[in-house]
Amino acid sequence: MLSQNARLINSRGQPVLGGIQLRLPFTPSTDALHLAESLRLGYTGSTTQSDTALGGNPAAVPDTIREGRSRMAYTHRTPSTSRRTTYSSSDPLADLRATLDVLPDDDIVATLDSYRPTGRPGYDQRVMWRAYACAFLLHVPHTNALIRQLQVNPALRDICGFGEQLPGRRTFNRFIQRLSDHADLVEDCFIELTSALKDLLPSLGQEVAIDATAVRTHSNPNKAKEGCLPSDPDAAWGVKHSAKSKSKEGTEFFFGYKVHMVADAKYGLPLAFKVTPGNESDSPELPCIMNQAYDRYDWFKPAVAMADRGYDAADNFKYLHDKKVDPIIHIRKPTAHDGLYDGVYNKDLLPLCVGNVPMEFIGTTPAGEYVYRCRSEGCPLKESKQGGIRHCDTVYAEDPTVSPELMRILGPTTRRNSEEWKGFYAKRWSVERLFKTLKESRRLEAHCVRGLKSIQLHSMMSVLTFQATALVKVLQGELDGMRWMVRKVA
Ligand SMILES: [Zn+2]
């Protein structure tokens, strides 16, 4: 099964993917027919295919793709060619095949195969699974579009493993239905991929970002008004606050679900996620998804966690601090009712000296206390002649971990609003960028399924196929190729 092991060696010639059992059930074909069809796919890039780009119209394919690099890369696929060339990202079909091959899916296929009585004709479940995964990798919006792609693209059929006979919509839907009963196996697959990435990227998971995104349902929520249930009984109205511009925050209502995510903030890779109805608020989910990551990965020991002010809750600060994670969470604007600020801190969270002037931060003691000193300028006690002191000479040290509320306001390890704090907080964009990519190129919101269970499978496939692409890129030695994932962070 591992005769195609070349795929598991990175560009430096090192074998990779310790724990994963990979198999390549289909022999790559290099004949002219497939070459011709590969050109018809009309890729514009490995992550930006749209349904129309896949429409099988050769005229729509730029000449460079039709005549140029695709052809070279594909015809170079011979055993004597260097692996680097075989995995050139200018060959989208090879990339697609490599991405499907990297999925540790034996358990999924075996479980689905067990539904089929032996000897009865039917579609190989591995073939169905590969086709279903392709729908996400190629951002094909729905089952009918996938079937159409398979009809017009022999190269795609070959990659999945179909012969001339293609399944219909009902067969596909039955397959998806069955798979949704085994979402745990799909998640195991994701966990294995993520751990394989950890072997290749040792700093994975050290800095994480947490956020949630809306996934709209396509059913009509207003049916409830007419006295019957909404057509998606699990969906709910939710609200998302999104920064539409720097000056103004937008409030957006949606009907559907939320995907809550822990992502690696350096690489922008998903680590743990959870789907809830849209009306669940973000903040209480932080410990849930973090616990999920701790349960799934024995290597998960983040030092820092970034989140926006939707997660501002003393409980979250306490939870993270207890886990030895530095919480870098934005706080809601202090209000007059926020007693801790009154007479103790100014709006920049600097404590006030006895002359009622904000002190300056001068450092942290080895025990972790923050130390402040009155600045000689501006303090009304500065001119005091008592004992010849030129300022009020207040020195103030406080332990920011004394209470969850103080941790929340000051930041227990990295002082809130310090340059270091701002540097961490900026990396929170990684998770927003991840959501954007999942929605634009991995169908996170392109679905026509209903019900929590189906949305869970759909979201999981979106995240799983994203992770498979990332693993292939890293295996190819193309850390640079991952830049599109983290562009905004750098
Ligand atoms: Zn003073």
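What you are looking at is a predicted structure, and each value in this text was computed from that prediction instead of being measured. (Residues numbered from 1 in each chain as written. Predicted model: local features only at pLDDT ≥ 70, side-chain atom pairs only at ≥ 80, totals over all residues.)

**A few points about the overall build of the protein**
Put simply, the rule is: Comment: elements are numbered from the N terminus, with helices defined as DSSP H or I runs of at least four residues and strands as E runs of at least two. To sort residues by burial, count the other C-beta atoms lying within 10 Å of each one's C-beta; a count of 20 or more means buried, 12 or fewer means exposed, and anything in between means partly exposed. C-beta atoms are built from the backbone. By definition, residue pairs are in contact when their C-beta atoms, positioned from the backbone, come within 7 Å.
Scanning the protein from terminus to terminus reveals 17 helices and nine strands. Counting every position in the protein, which comprises 490 residues, the buried fraction comes to 39%. For the protein, the share of sequence-separated contacts (at least 6 apart) that also reach a separation of at least 24 residues comes to 63%.

**A few points about the sheet that holds strand β7 (residues 360-364)**
For the record, the criterion: A pair of strands is labelled paired if DSSP reports no fewer than 2 bridges between them. Here, axes are lines fitted to C-alpha atoms. For helices the fit covers the stretch in contact, and angles between N-to-C directions go from 0 to 180 degrees.
Across the sheet, three strands lie side by side as β7-β8-β9; this open sheet has antiparallel pairing. Single-partner strands in this sheet number two, and they are β7 and β9 (395-398). Strand after strand, the sheet turns through a mean of 25° between neighbouring axes, direction not considered. Alignment of strand β8 (residues 370-373) against β9, held across four bridges, turns out to be antiparallel.

**Remarks on the nonpolar core**
Selection rule: Nonpolar core, as used here: buried Ala, Val, Leu, Ile, Met, Phe, Trp, Tyr and Cys residues forming one set through C-beta atoms within 7 Å. Segment limits for the domains were obtained from an automatic or database-derived domain assignment.
By size, the foremost hydrophobic cluster in this structure holds 100 residues, and its most contacted members are I210, M261, A263, M306 and L471. With 13 residues, the top contributor of residues to this core is helix α16 (residues 452-475). Here this core spans two domains, since at least three of its residues come from each of domain 1 (2-181) and domain 2 (185-308 + 428-486).

**Some thoughts on the packing of helix α10 (residues 183-200) against α16**
Heads up, the condition is: The scheme is simple: roughly parallel for angles under 35 degrees, roughly antiparallel for over 145, roughly perpendicular for 65 to 115, oblique for anything else. Should the near helix be turned anticlockwise from the far one by less than a right angle, the crossing is left-handed, and should it be turned clockwise, the crossing is right-handed.
The geometry of α10 relative to α16 is characterised by a closest axis approach of 9 Å and an angle of 25° between their N-to-C directions. Overall, the two elements α10 and α16 adopt an arrangement that is roughly parallel. Considering only the axes of α10 and α16, their crossing is left-handed. Packed against α10, whose contacting residues are A183, V186, E187, C189, F190, L193, T194, A196, L197 and L200, the element α16 presents Q456, L457, M460, M461, V463, L464, Q467, A468, A470, L471 and V474 at the interface.

**Some words on helix α12 (residues 314-322)**
Heads up, the rule is: For this quantity, the arc is that covered by the directions from the helix axis to the C-beta atoms.
Buried residues of α12: N316, F317 and L320, and no others. Axial view of α12: buried residues confined to an arc of 100°, hence all on one face. Lining the buried residues of α12 we find α11 (285-296), β5 (304-307), β6 (326-329) and α13 (404-410). Phi for K324, located one or two positions after α12, is positive at around 65°.

**Concerning unusual backbone geometry**
Look at N356: it is not a glycine, yet its phi comes out positive at around 65°. With 12 C-beta atoms counted inside 10 Å, the residue N356 sits in the exposed group. Of note in the backbone geometry, N417 takes a positive phi value of approximately 70° without being a glycine. If you trace the backbone, N417 turns up in the loop between α13 and α14 (419-426). By C-beta crowding, N417 is classed as partly exposed, having 16 other C-beta atoms within 10 Å.

**Re the packing of helix α5 (residues 106-113) against α10**
Selection rule: All residues other than Ala, Val, Leu, Ile, Met, Phe, Trp, Tyr, Cys, Pro, Asp, Glu, Lys and Arg, Gly among them, are scored as polar; the first ten of these are nonpolar and the last four charged.
Put simply, α5 and α10 touch, their axes get as near as 9 Å, and they point 165° apart. The pairing of α5 with α10 is recorded here as roughly antiparallel in orientation. As for how α5 packs across α10, the hand of that crossing is left-handed. Here D107, I108 and T111 of α5 come into contact with α10, specifically with L185, V186, D188 and C189. In terms of residue class, the contact of α5 with α10 is built from four nonpolar, one polar and two charged.

**Comments concerning the pairing of β6**
To keep things clear, this is the line we draw: Crossovers are described as right-handed under a simple rule: with the strands pointing away from the observer, the path leading from the first strand over the helix to the second runs clockwise.
Of the two faces of β6, the one holding D326 and I328 and the one holding P327 and I329 are both buried throughout. Inspection of the sheet shows β5 paired to β6 by four bridges, in the parallel sense. Counted as the bridge partner of A307 is I329 from β6. Crossover β5 to β6 through α12 is right-handed.

**Let's talk about α10**
What counts here: Any helix carries an expected span of 1.5 Å times its number of residues minus one.
Compared with the 26 Å implied by 1.5 Å per residue over 18 residues, the 26 Å span of α10 between its first and last C-alpha is a close match. The set of residues buried in α10 consists of V186, C189, F190, E192, L193, T194, A196 and L197. Against α5, β4 (270-277) and α16 lie the buried residues of α10.

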